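Given next are the chains, with one letter for each unit.
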Amino acid sequence: MRDYKWLHEFCLNRFGSAKALEAMLPQPRSDAELRALSDDRYLSLISLRIFRAGLKHSLVDAKWPAFEEVFFGFDPEKVVLMGAERLENLMQDARLIRHLGKLKSVPRNAQFILDVRREKGSFGALIADWPVSDIVGLWKYLAKHGSQLGGLSAPRFLRMVGKDTFVPTDDMVAALKAQGVIDKAPTSLKDLAAVQAAFNQWQAESGRPLCQLSVMLAHTVNH
């Protein structure tokens, strides 16, 4: 596995200057910002990620004001009370994406958020306090306790809210294979641990957040 210096030099050459490189890199939110984000916004973003999966994002985003309306602004205390009959009725609402399984995930994730609130004080506290040196552990926690947050949904949700994370996109996986970190998409605990260890090393060498390293690594793949 090559060190961060190689990665930085490769990206400098690709983008032509340090200024151009920095301009395309994401910035994570601070722990204070993550903690300040309200539980209803976390539920909205979890739900948005789930409905975006497999669909054109612009299509889902255009319908999101209607989702905000029918799900009471994603207030988890209200959403959790929505029963099966009400969700079935939403299948008749043409303003929405009428996917019953995804609609059912919203009150389930509302309950998840309320459970975390009782333990941590807020969902934002869980997200903010989780160490990025074990970000794959947070993916697994979200997938286990949430609804429809498996696969890439957990890391993509975290990227949406601004929690520092890498995202194993096809390009990033190809780059990790080229670096000898893994030999296939990281789904096993062993492979995820290897990817986390590689990112922890690059972060220690560079001081950069995981999200920036992730994007830089993806750009080492030839297109």
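Refer to the structure printed above.
Residues numbered from 1 in each chain as written. Predicted model: local features only at pLDDT ≥ 70, side-chain atom pairs only at ≥ 80, totals over all residues. Heavy atoms only, no water.

1. Brief notes about the overall build of the protein
Along the backbone of the protein there are 14 helices and zero strands. The helix and strand sequence of the protein, counted from the amino end, reads α-α-α-α-α-α-α-α-α-α-α-α-α-α. The C-alpha radius of gyration computed for the protein amounts to 19 Å, which stays within 12% of the reference 17 Å derived for 223 residues, consistent with globular compactness. The C-alpha extent of the protein, read off along each of the three principal axes, is 55 × 35 × 35 Å. When burial is assessed residue by residue, the protein has 47% of its 223 residues classed as buried. The long-range share in the protein, meaning contacts at least 24 apart out of those at least 6 apart in sequence, stands at 65%. Distance between charge centroids for the protein: 4 Å, based on 30 positive and 25 negative side chains. (Helix = DSSP H or I, 4+ residues; strand = E, 2+ residues; numbered from the N terminus. Rg over C-alpha atoms; globule rule 2.2 N^0.38 Å. Buried < 20%, exposed > 50% of the residue type's maximum accessible area, 1.4 Å probe, protein only. Contact = heavy atoms within 4.5 Å. Lys, Arg positive; Asp, Glu negative; His and termini not counted. Charge placed at Lys NZ, Arg CZ, Asp CG, Glu CD.)

2. Overview of the environment of Thr-169
Looking at the secondary structure, you find Thr-169 in the loop between helix H11 (153-161) and helix H12 (170-178). Judged by relative accessible area, Thr-169 falls into the partly exposed class, the value being 23%. As for Thr-169 and Leu-126, which are separated by 43 residues in sequence, their C-alpha atoms are 25 Å apart.

3. Considerations on the nonpolar core
In terms of nonpolar packing, the biggest core is built from 67 residues, with Phe-71, Phe-123 and Phe-199 touching the most fellow members. Residues lining this core come from more than one domain, with at least three contributed by each of domain 1 (2-27 + 164-217) and domain 2 (30-133). Sequence-distant contacts of Phe-123, defined by excluding residues within four places in its chain, comprise Asp-39, Tyr-42, Ile-46, Phe-112, Ile-113, Val-116, Leu-142 and Phe-157. (Core = buried A, V, L, I, M, F, W, Y, C linked by side-chain atoms within 4.5 Å. Domains from an automatic or database assignment.)

4. Some points on the layout of surface pockets
Volume-wise, the largest pocket comes out at about 240 Å³. For the largest pocket, the lining is made up of 15 residues, of which Trp-139, Gly-151, Leu-152, Pro-186 and Leu-192 are closest to its centre. Lining the second largest pocket are 15 residues, with Arg-156, Arg-159, Val-167, Thr-169 and Val-215 sitting closest to its centre. Counting only elements with at least two residues in the lining of the second largest pocket, the list comes to helix H4 (39-52), H11, H12 and helix H14 (210-218). In terms of residue class, the lining of the second largest pocket is made up of five nonpolar, five polar and five charged. (1 Å grid on protein atoms, 1.4 Å probe; cavity = no way out; pocket = protein on both sides within 12 Å on 5 of 7 lines; lining within 4 Å. Points joined across faces, edges and corners; volume = space filled by probe spheres on them. Nonpolar A, V, L, I, M, F, W, Y, C, P; charged D, E, K, R; others polar.)

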